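Each chain, letter by letter, is given below.
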Amino acid sequence: MKNLCVITPCFNEEFAIERCYEEVRGVMAAVQPPIEYTHIFSDNASTDGTVQRLRAIASVDSRVKVLINRQNVGPFRNMASALRNIPADTDLIVPMIPADLQDPPSMIPEMLSKIDGGTSIVYGIRKNRRESWRLRFARGMYYLLLKRLGAVSPPAHAGEFMLITKDVADFVNSSNEEHPYIRGLVAKSGYTFDTVSYDWQERKVGKSRNSWLDLFDQGLNGLIKTTRTPARLAIFFGVAIAITGFFLAFATLLLQVFGIVNSTQGIPTVLIAVSVLGGAQLVFLGVIGEYILDIHTMLHADNRVIVSERINF
């Protein structure tokens, strides 16, 4: 019998935790053929009653395991920490079931049916998002940008709600990134994948802690981790601007020599200098960026998360 591990990262979700636990338990009880599972809640230093509720649930159900971080380390590091703490006998992992259940656990049986066919990754695709049109537009443009830049990324509108095998999890865990982009690392693993589609629900309780600034930070992190194209574009535009500056300088020189154009003394020189030097700076910044990205790939900051309490491990 296979063993499944479901991970729920949480922060100040005291009113959603029990509902999440009950929903996952109900879904897993109905799975055929039956499958053993554990449910890891990784608490990101909550300041409300989340930890107390988790302790109460874990005291009556040994399948529930709880990690309590000493400090808030952000959503991706929290998720990665839980992924590194899955039981040794785990075969399959759902890296993220949100406490607010916007990604529905009811999709797990369909994911399991596809993973049994030899697929190593089953992405959950958020087909319809029940959120503001501004967020939908921003997300759509972001996924289009990733595609245009040739990023090694998962299918558009896929998040961390997916089903992966232990081999894929081991690949993700081998990364030493301080701020891991989980879905990007899964895509980089190169394993075969399939997809399931679903409607992304509105939160039933509480409110999202992701501000526009948080979403921008997460998106930028995903862009940097999956493609080097932005740095190379800087080189391209730098060279183009530098060449334009040199042609402008040559044309201005000819116009001045033949008296075709009379301009205030010094102005053409300043404009030409700014164009040429600005273009050259972009070239060198792009080249330096390439080296920094190589260093960034090989030498990442410490990704350890200090867990102050472990329950049922």
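Scroll up to find the structure.
Here goes a summary of the coordinates provided. These numbers were taken from a predicted model, which means no experiment stands behind them. (Residues numbered from 1 in each chain as written. Predicted model: local features only at pLDDT ≥ 70, side-chain atom pairs only at ≥ 80, totals over all residues. Heavy atoms only, no water.)

**Things to note about the environment of lysine 127**
Step number 1: Structurally, lysine 127 can be placed in strand 5 (residues 121–129).
Step number 2: Judged by relative accessible area, which is 53%, lysine 127 ranks as exposed.
Step number 3: Residues lysine 127 and aspartate 199 lie 72 residues apart in sequence; the distance between their C-alpha atoms is 5.5 Å.
Step number 4: When near neighbours in sequence (up to four residues on either side) are disregarded, lysine 127 contacts Ser197, Tyr198 and Asp199. (Helix = DSSP H or I, 4+ residues; strand = E, 2+ residues; numbered from the N terminus. Buried < 20%, exposed > 50% of the residue type's maximum accessible area, 1.4 Å probe, protein only. Contact = heavy atoms within 4.5 Å.)

**Things to note about the nonpolar core**
Taken as a class, soluble globular proteins show a tendency for nonpolar side chains to be buried jointly.
Step number 1: Of all hydrophobic cores here, the largest spans 38 residues; its most connected members are Leu4, Met28, Val94, Ile97, Ile108 and Leu163.
Step number 2: Broken down by element, the residue count for this core peaks at 6 residues, all from helix 1 (residues 17–30).
Step number 3: Discounting chain neighbours no more than four positions away, the residues touching leucine 4 are Met28, Ile35, Glu36, Tyr37, Thr38, Leu92, Ile93, Val94, Ile108 and Leu163.
Step number 4: Formed by 28 residues, the second largest nonpolar core is a distinct cluster that contains Ile40, Ala80, Ile86 and Tyr123. (Core = buried A, V, L, I, M, F, W, Y, C linked by side-chain atoms within 4.5 Å.)

**Observations concerning the environment of isoleucine 182**
Step number 1: Take isoleucine 182: it is sitting in helix 7 (residues 182–188).
Step number 2: With relative accessibility at 1%, the residue isoleucine 182 sits in the buried group.
Step number 3: Leave out the neighbours within four places in its chain, and isoleucine 182 touches Phe76, Met79, Ala80, Glu160 and Val172.

**A look at the side chain of glutamate 160**
Step number 1: In this structure, glutamate 160 sits in strand 6 (residues 158–165).
Step number 2: A distance of 2.8 Å separates a polar atom in the side chain of glutamate 160 from a polar atom in the side chain of arginine 183. (Polar contact = N/O pair within 3.5 Å; in protein donor to acceptor, adjacent residues only side chain to side chain.)

**Some details on the packing of aromatic side chains**
Step number 1: Counted under the stated rule, the structure contains 3 aromatic pairs.
Step number 2: Between tyrosine 123 and phenylalanine 193 the ring centres are 5.4 Å apart and the planes differ by 70 degrees, which places this aromatic pair in the edge-to-face class. Placement of tyrosine 123 in strand 5 and of phenylalanine 193 in strand 7 (residues 193–200) is noted, with a sequence separation of 70 residues between them.
Step number 3: Positioned over the ring face of phenylalanine 313 is lysine 65, at 5.6 Å from the centre of the ring. (Phe/Tyr/Trp six-rings, centres within 6.5 Å; stacked < 30°, edge-to-face > 60°. Lys NZ or Arg CZ within 6 Å of the ring centre and 35° of its normal.)

**Some thoughts on helix 2 (residues 50–60)**
Step number 1: Among all positions of helix 2, only Thr50, Val51, Leu54, Ile57 and Ala58 are buried. Mapping the buried residues of helix 2 onto a view down its axis gives an arc of 125 degrees, with all of them on the same face. Among the exposed residues of helix 2, those pointing more than 90 degrees away from its buried face are Ser59 and Val60. (Arc of directions from axis to C-beta.)

**Things to note about unusual backbone geometry**
Step number 1: Cis rather than trans, the peptide bond between glutamine 32 and proline 33 has omega equal to -5 degrees.
Step number 2: Within the element layout of this structure, proline 33 appears in the loop between helix 1 and strand 2 (36–43).
Step number 3: Look at asparagine 12: it is not a glycine, yet its phi comes out positive at around 55 degrees.
Step number 4: Take asparagine 12: it is sitting in the loop between strand 1 (3–10) and helix 1.
Step number 5: On the basis of relative accessible area, asparagine 12 is assigned to the buried category, the value being 14%.
Step number 6: You will see that alanine 45, though not glycine, has its phi angle at about 60 degrees, which is positive.
Step number 7: Of note, alanine 45 is situated in the loop between strand 2 and helix 2.

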